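Overview (structure and organization)
What follows is the residue order along each chain.
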Amino acid sequence: MSWARQQQGRPARAPGYRLNIGGQLITPELNDRLMRLRLTDRRGIDADQLDITLSDHDGRLELPRRGVKLTLAIGWQEEGLVERGIFIVDEVEHSGAPDTLTIRARSADMRQQLPGKRSQDWHELTLGDIISAVAGRNDLEPAIGETLRGIYLDHIDQTDESDLHFLTRLADKYDAIATIKAGHLLFIPAGQGNTASGQPIAPVTLYRHQGDSHRYIETDREAFTGVRAYWHDPDAAERREVITGSEENPKSLRHTYATEDDATDAAKSEWQRIQRGRAECSLTLAEGRPDLYPETPTTLSGFKAVIDATPWVIVEVSHELSDSAYTSGVQMEILGA
């Protein structure tokens, strides 16, 4: 029972879940098989991961085949469950005694899309054109951030490279998030707390009394005042530089870029990452929040003044659930400007 509920004299809530594994339905109402469930929801192209351990004390559980679909909903029985998506089983282990079944699965969107390597020259296109083309050939609907859609690229090569790796490279270059959700290929600015259409995601507030523990880390804000990037000027046959931020103490990127625009894009992206990384905070919630997702703007309350005053954005959420307990772990960085 959390501190808040102890103070209010309320009874502890009962965790709820619904698992369907290859046609086998597992819920608290049917049996008490769930020993441990951990769902890790990451932003970006990394697949969400689900680890489940079930009791097979009566020997009635069938071993799911690799590749079988699994659906999951979690939450609190009194408040209704939140659907958390479809996953593909990629590892199964049966051990004993006592007999247990352990299943590892990854989000279906990421497992089933963007296979194989390709070679293609992308020439005189906008970023929106490229993302739309990649989405189309993978039977996905593109959803592209407005601030990214119109960026013009003179030329970029995709050489013996999967679409997945190519998107990751583009996202890194433009400080964006590339991911697949519910049949959509999302390409949005990182750490902004906005949807692909530019609309703000509804913020949440997390309070000190809701947590079992927290960890706040602040780095040296004065370590770098900007970012320097170099590019090759073929007309002058020399290396030139661009700087984003202040020239007082800039971080220098090692790579020499082909054009001034490429160097400027790289410097801006790295400076944005540095700004967001000035501080980070993690919080373990005594009572899980199934409604928390990466890229949600977050305010913290009841901590130190500087922590409460910082605008945060969630970068990863983990959910730990059993028949008797449900907790959530939240990792955050500074919300981008």
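Residues numbered from 1 in each chain as written. Predicted model: local features only at pLDDT ≥ 70, side-chain atom pairs only at ≥ 80, totals over all residues. Heavy atoms only, no water.

**A look at the packing of aromatic side chains**
As a reminder, the rule being used: Aromatic pairing here means that ring centres of Phe, Tyr or Trp (its six-membered ring) are within 6.5 Å. Orientation follows from the plane angle: under 30 degrees is stacked, over 60 is edge-to-face, and everything else is tilted. Going along the chain from the N terminus, every DSSP run of H or I of four or more residues is numbered as a helix, and every run of E of two or more is numbered as a strand. The buried label applies to any residue whose accessible area, calculated with a 1.4 Å probe on protein chains only, is under 20% of its type's maximum; exposed applies above 50%, and partly exposed to all values in between. For a Lys NZ or an Arg CZ to count as sitting over a ring, it must be within 6 Å of the ring centre and within 35 degrees of the ring normal.
Considering all chains together, one arrives at 3 aromatic pairs under this definition. Taken together, a centroid distance of 5.9 Å and an interplanar angle of 10° make the contact between W122 and F166 stacked. With a gap of 44 residues between them, W122 in strand β8 (residues 117-126) and F166 in helix α5 (residues 163-173) connect regions that are remote in the sequence. W122 gets classed as buried once you look at its relative accessible area, which sits at 3%. One cation-aromatic arrangement involves R13 over W76; the distance from NZ or CZ to the ring centre is 4.3 Å. Of note, R239 hangs over the ring of Y230, and the distance from its end group to the ring centre comes to 3.7 Å.

**Description of the confidence of the model for the protein**
Stated formally: Per residue, pLDDT captures the predictor's confidence, and it can take any value from 0 to 100. Contacts are residue-level and defined by heavy atoms, with any inter-residue pair within 4.5 Å sufficient.
Taken over all residues, the pLDDT of the protein has a mean of 84, while the share at 70 or more is 91%. Segment residues 1-7: pLDDT under 50, and 13 contacts once partners within four positions in sequence are set aside and those in other chains are kept.

**Quick word on the pattern of salt bridges**
Once their charged atoms are close, side chains differing in charge can pair, the charge on each being opposite to the other. Defined as follows: Salt bridge, as used here, is a side-chain nitrogen of Lys or Arg placed within 4 Å of a carboxyl oxygen of Asp or Glu.
Across all of its chains, the model carries 19 salt bridges by this definition. Of the charged contacts, one joins E320 and R36 as a salt bridge, the two residues approaching to 3.2 Å between their closest N and O atoms. With E320 in strand β20 (residues 312-321) and R36 in strand β3 (residues 34-42), the pair connects residues that are 284 residues apart, well separated along the chain. Given the relative accessible area of 23%, E320 is considered partly exposed. Overall, R36 belongs to the partly exposed group, its relative accessible area being 37%. Among the charged side chains, a network of salt bridges with common partners joins R13, E79 and E287.

**A look at helix α6 (residues 260-276)**
Heads up, the condition is: Expected helix span is taken as 1.5 Å per residue step, with the number of steps being one fewer than the number of residues.
Between its terminal C-alpha atoms α6 stretches 25 Å, which fits the 24 Å expected from 17 residues at 1.5 Å a residue. The set of residues buried in α6 consists of D262, A263, D265, A266, A267, S269, E270, W271, I274 and R276. Tucked into the core, α6 has its buried residues touching α5, β15 (226-233), β16 (238-245), β17 (250-257), β18 (279-285) and β21 (326-334).

**Description of the nonpolar core**
Heads up, the condition is: We call a set of buried residues a nonpolar core when its members are Ala, Val, Leu, Ile, Met, Phe, Trp, Tyr or Cys and they connect through side-chain atoms within 4.5 Å of each other.
Counting residues in each nonpolar core, the largest one holds 22 residues, and the members touching the most others are L19, L37, L50, I52, L54, L70 and L72. Sorting the residues of this core by element identifies β1 (15-21), β3, β4 (49-55), β5 (69-76), β6 (80-95) and β7 (100-107) as the ones contributing at least two each. Here this core takes 4 residues from β5, the largest share from any one element. The contact partners of L50, leaving out residues within four places of it in the chain, are L37, R38, L39, L70, L72, F87, I103, R104 and A105. Counting residues in each nonpolar core, the second largest holds 21 residues, with W122, I130, A135 and Y174 among its members.

**Overview of unusual backbone geometry**
Of the consecutive residues G96 and A97, the connecting peptide bond is found in the cis state with omega at -5°. Structurally, A97 is set in the loop between β6 and β7. Residue P98 follows A97 across a cis peptide bond; omega there is -5°. For P98, the position within the fold is in the loop between β6 and β7. Within the chain, A237 stands out as a residue other than glycine whose phi angle is a positive 55°.

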